[in-house]
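Structure assessment
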Amino acid sequence: MLGTEIEACAYSEVEPVRHKLKRCLDSSHKVIQEANGILCGISHPSVCSEVLLSSQGSAYIAGVTEVYRVAKRIESGMKSLNLEDETLKDILRNIEFGWHNLQAFLSFSPSVLQKLPSAFNLDYLLNDLEHSLADSQNGNCGVCLLKIPPSTEAASCT
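Summarised in this report is the structure supplied together with it.

So, how was this worked out
- Residues numbered from 1 in each chain as written.
- Predicted model: local features only at pLDDT ≥ 70, side-chain atom pairs only at ≥ 80, totals over all residues.
- Heavy atoms only, no water.
- Axes fitted to C-alpha atoms, helices over the stretch in contact; angles between N-to-C directions.
- Helix = DSSP H or I, 4+ residues; strand = E, 2+ residues; numbered from the N terminus.
- Parallel < 35°, antiparallel > 145°, perpendicular 65-115°, else oblique.
- Left-handed = near helix turned anticlockwise from the far one by under 90°.
- Contact = heavy atoms within 4.5 Å.
- Nonpolar A, V, L, I, M, F, W, Y, C, P; charged D, E, K, R; others polar.
- Expected span 1.5 Å × (residues − 1).
- Buried < 20%, exposed > 50% of the residue type's maximum accessible area, 1.4 Å probe, protein only.
- Arc of directions from axis to C-beta.
- Polar contact = N/O pair within 3.5 Å; in protein donor to acceptor, adjacent residues only side chain to side chain.
- Phe/Tyr/Trp six-rings, centres within 6.5 Å; stacked < 30°, edge-to-face > 60°.

**Thoughts on the packing of helix H4 (residues 55–81) against helix H5 (residues 86–106)**
H5 packs onto H4 with a crossing angle of 150° between their chain directions and a minimal axis gap of 11 Å. On the basis of the axis angle, H4 is roughly antiparallel to H5. Between H4 and H5 the crossing geometry is left-handed. Between H4, through Ile 61, Val 64, Thr 65, Tyr 68, Ala 71, Lys 72, Glu 75 and Met 78, and H5, the contact on the second element is made entirely by Leu 88, Leu 92, Ile 95, Glu 96, Trp 99, Leu 102 and Leu 106. Split by residue class, the contact of H4 with H5 holds 11 nonpolar, 1 polar and 3 charged.

Written out as structure tokens, the structure is:
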């Protein structure tokens, strides 16, 4: 579990953890950029709307949204553990830029846009999630670094 690795390592040993976070955030950015590329390739707004309203299009956007949620949870975990560095911040800025571009395409289909989570629902620090490793007795999510509440199983932290 990534959270356990952070607990066990000294401050000078966080680079391997940052590398894992970078790989995950790079992958998230790639997914969001690919979604932008697909939607950008659609020439007419009516076709874009039709694609987004189809069951396959809705499922695809739901998947991309989950990828963005994971990136936001990782961001919250990084902030709470003070693991940010300029490289990770740059990737997070690129993810945000890509997400905002994607939302512009989704505006062609207001019903799909309404299904997206609000900014408040994606700010995991504001939503008062426990994320301190100092008193963690139940472990942390291996993806987002947030503390897993005692009532959930270790395999899931959403």
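**Remarks on H5**
In a regular helix each residue adds 1.5 Å, so 21 residues correspond to 30 Å; H5 covers 30 Å between its end C-alpha atoms and thus fits that length. Turning to H5, its buried residues number three or more, namely Leu 88, Ile 91, Leu 92, Ile 95, Gly 98, Trp 99, Leu 102, Phe 105 and Leu 106. Within H5, the buried residues cover an arc of 130° as seen down the axis, which keeps them to one side. When the buried face of H5 is taken as reference, the exposed residues oriented beyond 90 degrees from it are Glu 86 and Phe 97. The N-cap of H5, judged by a side-chain oxygen 3.3 Å from the amide nitrogen of Thr 87 a few residues on, is Asp 85.

**Observations concerning the packing of aromatic side chains**
Here a ring pair, both rings aromatic, is described through the centre-centre distance and the interplanar angle of the planes. Applying the stated criterion across every chain yields a total of 1 aromatic pair. Ring geometry for Tyr 68 versus Trp 99: centroids 4.1 Å apart, planes at 5°, classification stacked. Of this pair, Tyr 68 sits in helix H4 while Trp 99 sits in helix H5, and the two are 31 residues apart along the sequence. Like Tyr 68, the residue Trp 99 is buried in the burial classification.

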